[in-house]
There are 2 protein chains.
Amino acid sequence: MSVVISNKAGVREPEGETILHDLVSKAGFDQVESIRAGKHLRVRVSAKDAATARKLVERMCNELRIFNPAAHSCEVSEARPVP
Amino acid sequence: MSVVISNKAGVREPEGETILHDLVSKAGFDQVESIRAGKHLRVRVSAKDAATARKLVERMCNELRIFNPAAHSCEVSEARPVP
């Protein structure tokens with residue numbers, strides 16, 4: 001499973017803004033409109049199917065307060081294969 | 001587009017190990033087998049289609065050395081919708 005923890009939409013995210021303004025835009029990548037940085041967790045779970053695994057990971061993130069629900073959003077999705 | 005930058009497979013990743021051993025396993029989530037932490041970037045791009053956007057973001061990550069290719073892997077994929 002793939003977990004993305006990032007600032008809530010509407011809240012400023014200084015790390016991504018810095019990457020965008022001081023690196024990406026200065027290098028001429030004008031098609032890039034915004035960058036928002038966050039934390040990624042790749043969680044390997046033993047479960048009978050993807051839906052069960054997803055529910056477990058969602059419960060884990062919520063119960064253990066891996067993110068701050070006042071400030072962050074937490075999205076759980078099926079992980080992409082490791083390249 | 002969604003960019004995940006993480007330690008290469010086979011290289012230890014202490015942040016994820018700490019979350020697993022000191023938090024998740026102690027709380028009894030025994031089905032969780034491994035956790036690897038990394039950086040997530042959500043990049044909004046103006047492009048005619050997803051393939052073009054993806055190529056642009058891959059070129060940006062490589063040319064601007066947003067990651068260290070000796071230590072990290074960098075995966076670009078289509079972003080999931082913001083919840």
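Residues numbered from 1 in each chain as written. Chains lettered and ligands numbered in written order. Predicted model: local features only at pLDDT ≥ 70, side-chain atom pairs only at ≥ 80, totals over all residues. Heavy atoms only, no water.

The next point concerns the interface of chain B and chain A. Facing the 36 residues of chain B at the interface are 36 residues of chain A. Of the roughly 3,500 Å² buried where chain B meets chain A, counting both sides, 60% is carbon and sulfur surface. Applying the counting criterion to the chain B and chain A interface returns six salt bridges. In this structure, the salt-bridge partner of Arg 44 of chain B is Glu 33 of chain A, at a minimum N-O distance of 3.3 Å. Taken together, the connections running from chain B to chain A amount to 14 residue pairs in polar contact (both at pLDDT 80 or more). At the level of elements, β1 (2-7), α1 (14-24), β2 (32-45), α2 (50-63) and β3 (72-77) of chain B are the ones that each hand at least two residues to the side of chain B that touches chain A. When residues in the side of chain B that touches chain A are grouped by element, the largest group, 14 residues, is from β2 of chain B. (Contact = heavy atoms within 4.5 Å. Buried area = accessible area lost by both parts, 1.4 Å probe. Salt bridge = Lys/Arg side-chain N within 4 Å of Asp/Glu carboxyl O. Polar contact = N/O pair within 3.5 Å; in protein donor to acceptor, adjacent residues only side chain to side chain. Helix = DSSP H or I, 4+ residues; strand = E, 2+ residues; numbered from the N terminus.)

All right, on to the pairing of strand β2 (residues 32-45) of chain A then. Both strand β1 (residues 2-7) of chain A and β2 of chain A contribute to a ladder of five bridges, which runs antiparallel. Considered in β2 of chain A, the bridge of Val 3 of chain A is made with Leu 41 of chain A. (Pairing = 2+ DSSP bridges.)

This part is about the state of the cysteines. Linking two cysteines covalently via their sulfur atoms produces the bond known as a disulfide. All names here are of chain A. Within the structure shown, the criterion is met by zero disulfides over all chains. For Cys 74, which is in no disulfide, the shortest distance to another cysteine sulfur is to Cys 61 and amounts to 4.0 Å. Take Cys 74: its relative accessible area is 23%, and that puts it in the partly exposed class. (Disulfide = S-S within 2.5 Å. Buried < 20%, exposed > 50% of the residue type's maximum accessible area, 1.4 Å probe, protein only.)

Now for the relation of the copies chain B and chain A. Least-squares fitting of chain B to chain A yields an RMSD of 0.0 Å, with the superposition described by an axial translation of 0.0 Å and a rotation of 180°. The symmetry that links the two subunits is that of a two-fold axis. When the interface residues of chain B are mapped onto chain A, 97% of them again fall at the interface, so both copies present the same face. (Least-squares fit on C-alpha atoms with pLDDT ≥ 70 in both.)

Next up on the list: unusual backbone geometry. Residue and element names in this part refer to chain A. At Arg 65, a position not held by glycine, the phi torsion is positive, near 55°. Among the structural elements, Arg 65 can be located in the loop between α2 (50-63) and β3 (72-77). Take Arg 65: its relative accessible area is 55%, and that puts it in the exposed class.

Now for the sheet that holds β1 of chain B. Reading across the sheet, the six strands line up as β3(A)-β1(A)-β2(A)-β2(B)-β1(B)-β3(B) and stay open at both edges, with antiparallel pairing between neighbours. For this open sheet the edge positions go to β3 of chain A together with β3 of chain B, each flanked by a neighbour on one side alone. The mean angle between the axes of side-by-side strands here comes to 25°, regardless of whether they run parallel or antiparallel. Strands in contact with helix α1 (residues 14-24) of chain A are β2 of chain A together with β2 of chain B; relative to β2 of chain A, the strand with the most contacts, it is inclined by about 130°. (Axes fitted to C-alpha atoms, helices over the stretch in contact; angles between N-to-C directions.)

The subject of this paragraph is the environment of Val 32 of chain B. As for its position among the elements, Val 32 of chain B is in strand β2. When the C-alpha positions of Val 32 of chain B and Ser 77 of chain B are compared, they lie 25 Å apart, and in sequence the two are 45 residues distant. Every residue in contact with Val 32 of chain B, bar those within four places of it in the chain, is listed here: Val 43, Arg 44, Val 45, Leu 56 and Met 60 of chain A together with Leu 20 and Val 24 of chain B.

Okay, the environment of Cys 61 of chain B next. Residue and element names in this part refer to chain B. Following the sequence through the fold, Cys 61 ends up in helix α2. With relative accessibility at 1%, the residue Cys 61 sits in the buried group. Along the sequence, Cys 61 and Val 76 sit 15 residues apart, while their C-alpha atoms lie 9.1 Å from each other. The residues contacting Cys 61, other than those within four sequence positions of it, are Val 3, Ile 66, Phe 67 and Cys 74.

This part is about the pattern of salt bridges. All names here are of chain A. For the structure on display, the rule yields 14 salt bridges over all chains. Of the charged contacts in the structure, one is a salt bridge between Arg 54 and Glu 58, with a shortest N-O distance of 3.3 Å. Taken together, the positions of Arg 54 and Glu 58, both in helix α2 and four residues apart, correspond to about one turn of that helix. Judged by relative accessible area, which is 31%, Glu 58 ranks as partly exposed.

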